[in-house]
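Chain by chain, the residues:
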Amino acid sequence: MTPHEHLRRQDGVVSRRQLLAGGLTENDVRRLLRRRNLVRVHPGVMVDHNGPLTHRQRLWAAVLLGAPAALWGPSALSPTTTAGAGASGPVHVAVDLTRRVNSVSGVRVHRVSGLEGLVLWNGAPPRVRAEVALVEVAATAHDELTAIAVLADAVRNRTTTPERLRAELSRRRALRRRRLLTDVVGDLVDGTDSVLELRYLTDVERAHGLPRGERQARLEGLRARHDVVHRDERVVVELDGRAHHSSTHDRFRDLERDTSALLAGHVTVRVGWGQVVGHPCRTARTVAELLRARGWTGAVRRCPRCEPN
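In what follows, the accompanying structure is described. All residue numbers refer to position in the chain's written sequence, counted from 1. Totals for whole chains, interfaces and linings use every residue, but because this is a predicted model, local features are given only for residues with pLDDT of at least 70 and side-chain atom pairs only at 80 or more, for both listing and counting. Calculated side-chain values reflect all of the structure's heavy atoms, with hydrogen atoms and water omitted.

Peptide bonds are, in most cases, trans, and in most cases residues other than glycine have a negative phi. Cis geometry is adopted by the peptide bond preceding P68, which originates at A67 and carries an omega value of 0°. Secondary structure elements are taken from DSSP: a helix is a run of H or I of four residues or more, a strand is a run of E of two residues or more, and numbering for both begins at the N terminus. With respect to the helices, strands and loops of the structure, P68 is situated in the loop between α4 (55-65) and β4 (70-71). Put simply, A124 and P125 share a cis peptide bond, and its omega is 0°. Counting through the fold element by element, P125 comes out in the loop between β7 (119-120) and β8 (127-128). At R177, a residue that is not glycine, the phi angle is positive and equals roughly 65°. Note on placement: R177 falls in the loop between α8 (162-171) and α9 (178-190). One non-glycine residue, R234, lies in the positive phi region at around 55°. Within the secondary structure layout, R234 lies in the loop between β10 (225-230) and β11 (235-239). Under the relative-accessibility criterion, R234 is labelled partly exposed at 36%. The buried label goes to any residue with under 20% of its type's maximum accessible area, the exposed label to any with over 50%, and the partly exposed label to all in between, with areas taken from a 1.4 Å probe on protein chains only.

Next up, the structure:
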C-alpha cells in the first residue's frame, strides 16, 4: 500500500513504518516533517495537517503507535455506542501479552493474552470484538448499575447477543464482577429478570424491613402473575429490566396487566435496575410510603448504605 493509500484509509494518519514500506526513505520522511506536510503525533506516528486531531485520528494514532494493536475497552466501542469513551479521555489500545509498548500522553496500552483471536483486524481502525470490549467496560465500570446497563443496552441495541457475551465471560476467568455479570447475562439469555428480582428482595425489601410480598402471585379472578404482591395493602410491585420490556407487545401487555390489577383494587408501581441497584434505599422509602398510605403500620429500617437523615 502506498503512503497516500495509507493516509486516505487512516483518516490522514500514518506511521513511519508504513511510509518506509511504501517506498519513502528516511530523508523523505524528515523532509515531509520539516515542511510540515506531516506533523508528529506520537513517536513514529504522523498526521497530514497541523490542526487539532479529530477523534478518529486520535484512535488511529493510538493503534499505529503500538502496531500491531487494536482499540480496547471503551475505545473499541467509540464512536459507535454510548458506552464508548467519546472524544475525551485516553485512547485504550491492546497489544499482545508478549510485547512491551509504553503508554504515552493520551494513550493507555493494555497487554492482553491471545489478542490475535479477539480482534477485527480489518476494522478502521482495528478493534476487539464488541463482546470483548463490552465485558471489559462492564467489569471496570465505576458502579454496578453502570455495569449492568452496559450489557443490557448493548443487547437491546443489537450491538451483540447474550450468547456472545456469555461465551466471552466463560473465557475471562479472572474478571472483576464476574459473578454479577454472568448472572445478568444469564437473565438476558433467558429473557427473565431473576437477578433484578433477587436484588429487590435483598437490597430493597429485606434490608429495609418492608413486609415480605408474595412472589409470582395471581390476584383473585385474574390470570396474570405479578412479580411482588402485597395483598393486605393491595399493592403490586413489578420489576422491569429494560432489556426485556422494550417491545410494543411487551408494553401493551404490561399496561393491560396494570389496568386489570387496578380494577381489582391494587395499585401497581414499576421499578427497574436504576431504582433497585442504583438507589435501593430511596426506592425502599418510596415503596414504604405507598404501603403506609394503604394500611401498613410498620416502619422502614435503616440499612448500612442508608444516608444519615
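Tracing the sequence through the fold places E136 in helix α6 (residues 130-140). Contacts were defined at the residue level, with two residues in contact if any of their heavy atoms lie within 4.5 Å. Apart from residues no more than four positions distant in its own chain, E136 is found in contact with W72, G73 and R172.

Paired strands, in this sense, are two strands between which DSSP finds at least two bridges. Here we have 4 strands laid out as an open sheet, ordered β9-β10-β11-β12, and mixed in their pairing. Here the strands that pair on one side only, and so sit at the sheet edges, are β9 (214-218) and β12 (267-271). Strand after strand, the sheet turns through a mean of 45° between neighbouring axes, direction not considered. As paired elements, β11 and β12 share 5 bridges and run parallel to each other. The residue bridging L239 from the neighbouring strand is V271, located in β12. Fitted lines through C-alpha atoms serve as axes, helices being fitted only where they are in contact, and the angles separating the N-to-C directions of these axes extend from 0 to 180 degrees. Packing against the sheet, helix α13 (residues 280-293) makes contact with β10, β11 and β12, and its axis sits at approximately 180° to β12.

Grouped together as the largest cluster of nonpolar side chains are 70 residues, with contacts concentrated most on L151 and Y200. In contact with Y200, not counting residues within four places along its chain, are E205, R215, V228, V237, L239, V271, V276 and V287. L7, L19, L38 and M46 belong to the second largest nonpolar core, which has 6 residues in total. Within this scheme, the nonpolar core is defined by two criteria: the residues are buried Ala, Val, Leu, Ile, Met, Phe, Trp, Tyr or Cys, and they are joined through side-chain atoms within 4.5 Å.

What follows concerns the pairing of β10. Where burial is concerned, most of β10 is hidden: 5 out of the 6 residues are buried. Hairpin connection between β9 and β10: a loop of 6 residues separates the two successive antiparallel strands, and G221 in this loop has a positive phi of roughly 85°. Two strands pair when backbone bridges link them, and β10 and β11 are joined in this way by 3 bridges, in the antiparallel orientation. Across the sheet, residue V228 finds its bridge partner in β11, namely V237.

Of the residues making up α8, those classed as buried are P162, L165, E168 and L169. Seen from one end, α8 has its buried residues packed into an arc of 125°, which puts them on one side. In this structure, the buried residues of α8 make contact with α6, α7 (144-156) and α9. Directions drawn from the helix axis to the C-beta atoms are what define this arc.

By the secondary structure assignment, T283 is in helix α13. Sequence-distant contacts of T283, that is, excluding residues within four places in its chain, are made with V204, V271, Q275 and V276.

Moving on: the pattern of salt bridges. Pairing is possible between side chains that carry opposite charge, provided their charged atoms lie close to one another. Basic side-chain nitrogens of Lys or Arg form a salt bridge, by our definition, when they fall within 4 Å of a carboxyl oxygen of Asp or Glu. All told, the structure shown has 14 salt bridges when counted by the stated rule. A salt bridge links D203 to R305, with the shortest nitrogen-to-oxygen separation between them at 3.5 Å. With D203 in helix α10 (residues 194-206) and R305 in the segment after α13, the pair connects residues that are 102 residues apart, well separated along the chain. Judged by its relative accessible area of 14%, D203 falls in the buried class. Using a relative accessible area of 47% as the deciding quantity, one classes R305 as partly exposed. Residue R212 is joined to E205 by a salt bridge in which the shortest nitrogen-to-oxygen separation is 3.9 Å.

With that settled, the discussion passes to the packing of α6 against α8. Helix-helix packing: each pair is described by the crossing angle between the helix axes and the interaxial distance. The contact between α6 and α8 brings their axes to 9 Å, and the two run at 65°. In the crossing of α6 with α8, the sense of the turn from one axis to the other is right-handed. Where α6 approaches α8, its residues E131, V132, L134 and V135 are matched on the opposing element by R164, L165, E168, L169 and R171. Residue composition of the contact of α6 with α8, grouped by class: 5 nonpolar, no polar and 4 charged. Each crossing is labelled by how the near helix is turned from the far one, with a counterclockwise turn of less than a right angle marking it left-handed and a clockwise turn marking it right-handed. Three classes are used: nonpolar for Ala, Val, Leu, Ile, Met, Phe, Trp, Tyr, Cys and Pro, charged for Asp, Glu, Lys and Arg, and polar for all others, with Gly counted as polar.

Sheet architecture is open: 3 strands sit in the order β1-β3-β2, paired in antiparallel fashion. Only two strands of the sheet have a single partner each, and these edge strands are β1 (13-15) and β2 (39-42). Here the average twist between neighbouring strands, direction ignored, is 40°. Where β1 and strand β3 (residues 45-47) come together, 3 bridges link them in antiparallel fashion. Paired with V13 across the bridge in β3 is V47. Those strands touched by α4 are β1, β2 and β3, and its axis lies near 10° from that of β1.

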